[in-house]
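The primary structure of each chain is shown beneath.
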Amino acid sequence: MRVIRNGTVHTQTERGTIEGDVLIEDGEIAAVGEVDAPADAEEIDVDGAHVTPGLVDAHSHAGMAEWAEPEDADFNEGTSATTPNVNALDGFHPRDEELKHAFQNGVTSVSSRMGSGNVIGGIIVSMKTYGDRADEMLIKEDGMKAAMGENPKRFHGEREGRQPSTRPGVAATLREQFMQAEDYLDRKEDAAAEDESFERDLGMENLSRVLTGDLPLRVHAHRADDIMTVFRIGEEFGIDDLSIEHATEGHVVADEFVERDVPAVVGPSISSASKYELRNITFETPGILHDAGVKVAIQTDAPVLPQQHLDVCVGLAVREGLPAEAALDAVTTNAAEILGIEDRVGTLEPGTDADVAVWNGEFWRVDSRTQHVFVDGEHVFDRDADAVDPREEYAW
């Protein structure tokens, strides 16, 4: 049992921000406020420091992209333009250095997924960033990865004779897969009604979960026209549970997000226009979407941006118009709700996982640093105790 004493506690609940304590017991938040604890409980007096839920990155490749050796990355199964049969959990590496950087800097959960080389990439998983076994770090399968635009065009279009090579080809490929999944569901239902045997297909089983509402569709889309294509296809197939990932030009069609109640996972926005579809990239996007009434999360797309700099991304969004009072929402409650893991993470509600970060200032300010980090109640980082001389850490 542990008690974090005398903190400025950002509960991310209806209680708001309070001055008080956080009691951790059996890996969960046990109480918040004025806490009585047994005499043998470990007490950490943070002397007014900011206490937040562990940050949640709603779009990452941490654990998949091998920070130190990217040539060993496992996030694009490039043998086909559609691979709904694969699951990111099977490629998640708990000892990826990116994960250590993450939890030391307050990012305790990430939605880790396949890359955007394929039109359909596979099942996405929400994971804790601390642990040594992927199965124990798993929070939930949180979606099916899909991608529009330049990446699948280039990845497959440059291979002779392989669809897609154009945006219409990307959209057609996605439609064809959902049509196959609809037919698959019909055949499976008919076989069950007739008590006949049925040959299962792993990819269609997974994709069927999107059509039945069991698995959200999470679509990489930068340009406004690609975003509208996603909305169009979603309506054609009755897919209501979806999110737009990156949403670089989401601010251009903010009203369309609001009309459909679709959330946006924005970023990474520290970039030049490395491809045409990024020409309108700006940190103003989260603020514009937020002001319009869109549920917004902010992402790093790690390792595109280092996972530990999620807080910096939020700070730059605040500088460009995201209200400061919404900053923490973008990487806690909003991110957790978009991923469907709000019962576990994203707040300091009693009964949720004890993922907690203690900061020496407001988390999104560039001069703020984590002092303590807890994952599932375990004290995984103490800046004073774990301090390393950078001359030794980065020595050749």
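The residue numbers shown here count from 1 along each chain, following its written sequence. This being a predicted model, a pLDDT of at least 70 is required before a residue's local features are given, and a value of 80 or more before pairs of side-chain atoms are given or counted; all residues contribute to the totals for chains, interfaces and linings. For the side-chain quantities, the full set of heavy atoms in the structure was used; hydrogens and water were omitted.

The name given to the protein in an unreviewed UniProt entry is Amidohydrolase, with the source organism recorded as Halolamina litorea.

Engineer: Looking at this structure, how should I read the overall build of the protein?
Structural biologist: Helix and strand definitions here come from DSSP, where helices need a minimum of 4 consecutive H or I residues and strands a minimum of 2 consecutive E residues; each element is numbered from the N-terminal end. Looking only at helices and strands, the protein has 13 helices and 16 strands in total. Its C-alpha radius of gyration of 22 Å places the protein within 12% of the 21 Å reference for a compact globule of 396 residues. Along the first, second and third principal axes, the C-alpha atoms of the protein reach 65 × 50 × 50 Å. Looking at the protein as a whole, 57% of its 396 residues qualify as buried. Contacts are assigned to residue pairs that have any heavy atoms within 4.5 Å of one another. Looking at the protein alone, contacts between residues at least 24 apart form 68% of all its contacts between residues at least 6 apart. As displayed, the protein offers around 17300 Å² of accessible surface, 43% of which is attributable to carbon and sulfur atoms. Averaging the locations of the 33 positively and 81 negatively charged side chains of the protein gives two centres separated by 5 Å. Here the radius of gyration uses the C-alpha set of atoms, whereas the globule reference equals 2.2 Å times the residue count to the power 0.38. Residue exposure (1.4 Å probe, protein chains only): buried if accessible area is under 20% of the type maximum, exposed if over 50%, otherwise partly exposed. The protein chains shown are the only cover counted for residues, whose accessible areas, like all others here, come from Shrake-Rupley with a 1.4 Å probe. When charges are counted, neither His nor the chain ends are considered; positive counts come from Lys and Arg and negative counts from Asp and Glu. Charged side chains are reduced to one point each, which is NZ for Lys, CZ for Arg, CG for Asp and CD for Glu.

Engineer: Sorry if this is basic, but what is going on with the pattern of salt bridges here?
Structural biologist: Pairs can form between side chains of opposite charge whenever their charged atoms are close. For this analysis, a salt bridge means a side-chain nitrogen from Lys or Arg found within 4 Å of a carboxyl oxygen belonging to Asp or Glu. A full pass over the atoms with the stated rule returns 27 salt bridges. The residue R279 makes a salt bridge to E249 at a minimum N-O spacing of 3.4 Å. In this pair, R279 is assigned in the loop between β12 (264–266) and α8 (285–292) and E249 in the loop between β11 (242–246) and α7 (254–260), connecting sequence segments 30 residues apart. Residue R279 is classed as partly exposed on the basis of its relative accessible area, which comes to 41%. Residue class for E249 comes out buried when judged on its relative accessible area of 5%.

Engineer: What should I look at first to understand the pairing of strand β14 (residues 356–359) in this one?
Structural biologist: Successive side chains on a regular strand alternate, one facing one side of the sheet and the next facing the other. In β14, alternate side chains face the same way, and those of V356 and V358 on one face and A357 and W359 on the other are all buried. Two strands pair under a simple rule: DSSP has to find at least two bridges between them. Of the strand pairs in this sheet, strand β5 (residues 50–53) and β14 are connected by 4 bridges, and their pairing is antiparallel. Its bridge partner being in β14, T52 is matched across the sheet by A357. Two strands pair when backbone bridges link them, and β14 and strand β15 (residues 370–375) are joined in this way by 4 bridges, in the antiparallel orientation. Along β15, the bridge assignment pairs A357 with V373.

Engineer: Even after reading the chapter, I still don't get the packing of helix α4 (residues 167–193) against helix α6 (residues 224–236), so can you show me in this structure?
Structural biologist: If you want to describe how two helices pack, look at the angle between their axes and the distance between the axes. An axis is simply a line fitted to the C-alpha atoms; with a helix, the fit covers only the stretch in contact. Between two such axes, the angle follows the N-to-C directions and lies from 0 to 180 degrees. Running from amino to carboxyl end, α4 crosses α6 at an angle of 20 degrees, the nearest separation of the two axes being 11 Å. Between α4 and α6, the crossing angle belongs to the class labelled roughly parallel. The crossing of α4 and α6 is right-handed. Contacts from R167, A171, L174, R175 and F178 of α4 reach α6 at D225, D226, T229, R232, I233 and E236. Among the residues making up the contact of α4 with α6, the classes are represented as 4 nonpolar, 1 polar and 6 charged. An angle below 35 degrees is read as roughly parallel, one above 145 as roughly antiparallel, one from 65 to 115 as roughly perpendicular, and any other as oblique. Handedness of a helix crossing follows the sense of rotation of the near helix relative to the far helix, less than a right angle counterclockwise being left-handed and clockwise being right-handed. Ten residues, namely Ala, Val, Leu, Ile, Met, Phe, Trp, Tyr, Cys and Pro, are considered nonpolar, four, namely Asp, Glu, Lys and Arg, are considered charged, and the remaining ones, Gly among them, are considered polar.

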